[in-house]
Each structure stands twice: as C-alpha cells, then as structure tokens.
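Coordinate analysis (summary)
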Amino acid sequence: MAIASLAEIRSTRRLIVKIGSALLVERGQPRRSWLATLAEELAQLRAGGTEIIVVSSGAIALGAAKLGLERGGRASLADAQAAASVGQVELARLWADALGAQGLLAAQMLVTLGDLEDRRRYLNAAATLGRLVETGAIPVVNENDSVATEEIRFGDNDRLAARVAQAAGAEAVLLLSDVDGLYDRNPKEPDAALIHRVEGVTPEIIEMASGDSGSGLGSGGMLAKLQAARIAERAGIALAIVNGTHDRPISRALDAGIGTLFVAQGDESARKAWLSGRLAPAGVLTVDAGCTNALERGASLLAAGLTAVEGDFRRGDLVAIHGAKGERLGQGLVEYDAAECRAILGLREDEQAARLGYVPRAAVVHRDHMVRA
C-alpha cells in the first residue's frame, strides 16, 4: 500500500520500528517503564495484523555502564566493542522481558555492514527475517558492534533500519527520535516549523539537518535519518520520524499526526534497491561532462568518458561515480579492476583491446548495475 499519512502506518503489513539509545537508556540504566508501554503498543500493532521488526540501539550504553567505561563506551573503538559485547546480553534480555510480558516472542539478530552489502549475505538475512516474522516472533536487530570496525560499520541504526526494511520487504520505517521530526531549521530556534510531509529527500532538505545528537549517547543525528529516508524512499518504502520521548510514543504520533513522513518515491527492483542502499564504495570513477550527460539519459559508463580512477577495487566491487566538479552522480558494480580502469581511461572501444590484451567488455559500469544518486 502507498502510505500517504502517519495514521496509515497502522495499516501496514510489515513495519520496522527503530529505537535510539537515549530513549532506551538513561544514566546507564534501562527505562523499563517506558519500554513496557512501547511493547504494549507493538503488541497492539501486531494484533491489528502488522508484522513488527525492531531495530534497537542501546547495547553500548548498557554495557558501558556495567563496565564503568567513560563517555558511554565511545571513548575508543576498543571500548565500544567491549561495551557492546556486555550490553548486547542486557539488551536482548530487556527486549525478551518487555515483549514476553505482552505474550510476544523476541528474536535477536546481529548484523554487520558486510551482511547487507554482500548480495548473498543480504539474501540470507532477508530469508531469516522473513521466516522469523512468519512464525510470529519479533526480530530485534542491532549492528554487531562487538566486531564492527570504523571502516566497515553502519555507524548509526537509522540507516541500518532502512536497509533492514529493504531486506525484510517492509512497507514503512518508524524512527523514534528525541524530536518531533524534521524542522525547517534548528528546532531550538523559537520560529522553527515542523515539516509534516516530504516528497523526496532533495539537497535542500539535507541542508535543513543538524548533525547534532541531542543526548550524546547515540551516533545518528538528523543527517543520518535523512540518509535513511533516502535509502527507504528509493525502494518504495515510507519512513517517518516521530518523537519517542513520550509515553506511548507511537500512538501519540500516529493519532495526532505529529511527525515527519517521507513519502516513498520509487519502486526499484529488488536488486536495484539493494544496490542504491549500499553504503561502502570501494573506489571512485570520475567522468567528463559528455559522459555525465549520457548517464543522465540512462546510458552505461564507458571508458572513453573516464577522467580519473581512485581506489583499489576488483571487478564486481561497488564504486561511486562522480562528475567533473566532484558531484556524486550515482554508484554501480564495476566491470574491471582498478588497474584495468586506469589502463583504458579515456580510450575508445577500438583502442582498449590493445591495452588490455583481450576484447573489452561492453561497459565499465553497465546501466543495469548502476543507480543514480
């Protein structure tokens, strides 16, 4: 179904609900009474026919308190990994108790960036999520921070929630935040206005975001939420930002229409949606103006239009595509490794065979394996 208002989220077949650290943990202790009311709301949604998947932060904050680590466990990567190892046990128990009190079964699922960037592992994750919700369980998903590194991690659960929504075939994502939604300027300013509906995450919308996280506990500010909305909308998934600091926050937001709804903009194929949501390019291909114009018309990226190659990638890796001024044009799966791309940079097809030693492929990045920014 196409979701046009916050109220319609109640009628979705499958919904992702993301909860941030600051909502779940206060001064190192879980907010059990708040979580109890949220679990009751999730049970009501489930009773109404909506399948629920939870994406929950909080492991690092809980673990840091147990271990007595400074800065909420975020002073170093080693601290964060150690805190996550301890906190994930606490987080799983917390959710199992809260959902169990409502007669619901919690299932823990830890993922890394690589699990959703690699196509085969992505499909495995999708199958697991699908089977869990079919059995009636509620998966509680979190990034596996105990093994993730700075180079290979989501860094925030907002974008993770959007990627989980893709993998699970969800219709909507509900991000519970510490503000009512997206404002046209910093919400601390007295004349700031809440934006109730967004038709596409444009550069102008991105400029409204503040990079600050109000609590200091989480890692995702408004910019991360807008990036999540962009991932979701291109896959035909609606995403809403609502205030989770209140008791029964879902009812408050959906009943009164308080929040920001990002309306789904596209309905890409499953493969294209996966590709557009990938977050870790292995390199950058820069193209000239003529190639930029061709790409905008839906063409493949040819070697003749290449002007620069960055990175050390292999055939099949994800690469970003930039224009002559550095603007991001899109991303796709490259047909050559980095050395081969450099060898044929700027060459026409009839010149490439002599340089490569074999008949060149149809394109450096084929249009079927490319998505525009």
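Residues numbered from 1 in each chain as written. Predicted model: local features only at pLDDT ≥ 70, side-chain atom pairs only at ≥ 80, totals over all residues. Heavy atoms only, no water.

**Structural notes on the environment of isoleucine 3**
Positionally, isoleucine 3 belongs in the segment before strand 1 (14-19). Distance in space between the C-alpha atoms of isoleucine 3 and leucine 239 is 9.3 Å, their sequence separation being 236 residues. (Helix = DSSP H or I, 4+ residues; strand = E, 2+ residues; numbered from the N terminus.)

**What about helix 7 (residues 157-168)?**
A turn of α-helix holds 3.6 residues, and therefore any two residues three or four places apart point the same way. Taking 1.5 Å per residue, twelve residues should reach 16 Å; helix 7 reaches 16 Å between its end C-alpha atoms and fits that length. Turning to helix 7, its buried residues are Asn157, Asp158, Arg159, Leu160, Ala161, Ala162, Arg163, Val164, Ala165, Gln166, Ala167 and Ala168. Downstream of helix 7 by a residue or two, glycine 169 has a phi angle that is positive, lying close to 70 degrees. (Expected span 1.5 Å × (residues − 1). Buried < 20%, exposed > 50% of the residue type's maximum accessible area, 1.4 Å probe, protein only.)

**Observations concerning the sheet that holds strand 13 (residues 318-322)**
On the basis of which strands lie adjacent, the open sheet formed by five strands has the order 12-11-13-14-15 and mixed pairing. Every interior strand has two partners, whereas the edge strands, strand 12 (306-311) and strand 15 (370-372), have only one. Pairwise comparison of adjacent strand axes, ignoring direction, gives a mean angle of 20 degrees for this sheet. With three bridges joining them, strand 14 (residues 328-333) and strand 15 adopt antiparallel strand pairing. By the bridge assignment, glycine 330 is partnered in strand 15 with arginine 372. (Pairing = 2+ DSSP bridges. Axes fitted to C-alpha atoms, helices over the stretch in contact; angles between N-to-C directions.)

**Remarks on the packing of helix 2 (residues 32-47) against helix 10 (residues 249-256)**
Remark: helix 2 packs on helix 10, axes separated minimally by 8 Å, with the N-to-C direction vectors making an angle of 55 degrees. Between helix 2 and helix 10, the angle falls in the class oblique. In this structure, helix 2 contributes Trp34, Leu38, Glu41, Leu42 and Leu45 to the contact, and helix 10 contributes Pro249, Ile250 and Ser251. (Parallel < 35°, antiparallel > 145°, perpendicular 65-115°, else oblique. Contact = heavy atoms within 4.5 Å.)

**Let's talk about the confidence of the model for the chain**
Of the residues in the chain, 94% reach a pLDDT of 70 or more, and the chain-wide mean stands at 89. Scored below 50 in pLDDT, residues 211-220 makes 19 contacts in the model with residues more than four places away or belonging to other chains. (pLDDT = per-residue confidence, 0-100.)

**Description of the sheet that holds strand 10 (residues 260-262)**
Pairing within the open sheet is mixed, and its eight strands lie in the order 5-6-4-1-7-9-10-8. Each of the sheet's edge strands pairs with one partner strand only, and the pair in question is strand 5 (106-111) and strand 8 (197-198). Relative to strand 4 (residues 51-56), strand 1 is paired through six bridges, and the arrangement is parallel. Following the sheet pairing, arginine 14 is matched in strand 4 by glutamate 51. Contacts from helix 2 reach strand 1, strand 4 and strand 7 (172-177) within the one sheet, and its direction differs from that of strand 4 by about 150 degrees. Across the face of the sheet, helix 4 (residues 77-100) comes into contact with strand 1, strand 4, strand 5 and strand 6 (138-143) while running at roughly 150 degrees to strand 5.

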